[in-house]
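Each chain, written out:
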Amino acid sequence: TCKVNFPDPNKLHYFQLTVTPDEGYYQGGKFLFEIEVPDAYNMVPPKVKCLTRIWHPNITETGEICL
């Protein structure tokens, strides 16, 4: 299950995504991500950061995502 939140409705390129898995190893967890889509999107990827402290091989201790 996912929920999108726009903290500032005037900045549609910046939003937060809450992921609540319904099954699997992370079932019952609630994970918050911060997403910023740059103006040069399509040539420059979005910046994604995990705000929830989690151990995952593709997420650093500070929340950066290894894409």
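Remember, predicted model here, so these are calculated numbers, not experimental data.

Visitor: How should the environment of Val48 be read in this particular structure?
Guide: Locating Val48 in the fold gives a position in strand β4 (residues 47–50). With 31 residues separating them along the chain, Val48 and Leu17 place their C-alpha atoms 9.9 Å apart. With residues up to four places along the chain from it excluded, the contact list for Val48 reads Phe33, Glu34, Ile35, Gly63 and Ile65.

Visitor: Help me out: how do you make sense of unusual backbone geometry in this one?
Guide: Most peptide bonds take the trans form, and the phi angle of most residues other than glycine is negative. Positioned with a positive phi, Asn42 is a non-glycine residue whose angle comes to about 100°. Its place among the elements puts Asn42 in the loop between β3 (31–36) and β4.

Visitor: Looking at this model, I keep getting lost on the sheet that holds strand β1 (residues 2–5). Mind explaining?
Guide: Sheets are built from strands that pair by backbone hydrogen bonding, the pairs being arranged parallel or antiparallel. Spatially, β1-β2-β3-β4 is the arrangement adopted by the 4 strands of the open sheet, whose pairing is antiparallel. Every interior strand has two partners, whereas the edge strands, β1 and β4, have only one. Geometrically, the sheet is characterised by an average inter-axis angle of 20° between neighbouring strands, direction not taken into account. Pairing between β3 and β4: 4 bridges, direction antiparallel. Following the sheet pairing, Glu34 is matched in β4 by Lys49.

Visitor: Please clarify how the side chain of Thr18 should be interpreted in this entry.
Guide: By the secondary structure assignment, Thr18 is in strand β2 (residues 14–19). Ignoring anything within four residues of it in the chain, the contact list for Thr18 reads Thr1, Cys2, Lys3, Lys30, Phe31 and Leu32.

Visitor: Would you take a moment to explain the nonpolar core for this structure?
Guide: Within soluble globular proteins, side chains that are nonpolar tend to cluster in buried spots. Counting 7 residues, the largest nonpolar core is built from Phe15, Leu17, Phe31, Phe33, Ile35, Cys50 and Ile59. Elements supplying a minimum of two residues to this core: β2 and β3. For this core, the element with the most residues is β3, which contributes 3 residues. If we ignore the near neighbours within four places in the chain, the residues touching Ile59 are Phe33, Cys50, Ile54, Glu64 and Ile65.

Visitor: What is the right way to read the pairing of β3 from this model?
Guide: Along any regular strand the residues' side chains alternate between the sheet's two faces. Residue alternation in β3 divides its side chains into a buried set, Phe31, Phe33 and Ile35, and an unburied set, Leu32, Glu34 and Glu36. Here β2 pairs with β3 via 6 bridges, running antiparallel. Bridge assignment links Gln16 to a residue of β3, and that residue is Glu34.

The rules behind the values
Residues numbered from 1 in each chain as written. Predicted model: local features only at pLDDT ≥ 70, side-chain atom pairs only at ≥ 80, totals over all residues. Heavy atoms only, no water. Helix = DSSP H or I, 4+ residues; strand = E, 2+ residues; numbered from the N terminus. Contact = heavy atoms within 4.5 Å. Pairing = 2+ DSSP bridges. Axes fitted to C-alpha atoms, helices over the stretch in contact; angles between N-to-C directions. Core = buried A, V, L, I, M, F, W, Y, C linked by side-chain atoms within 4.5 Å. Buried < 20%, exposed > 50% of the residue type's maximum accessible area, 1.4 Å probe, protein only.

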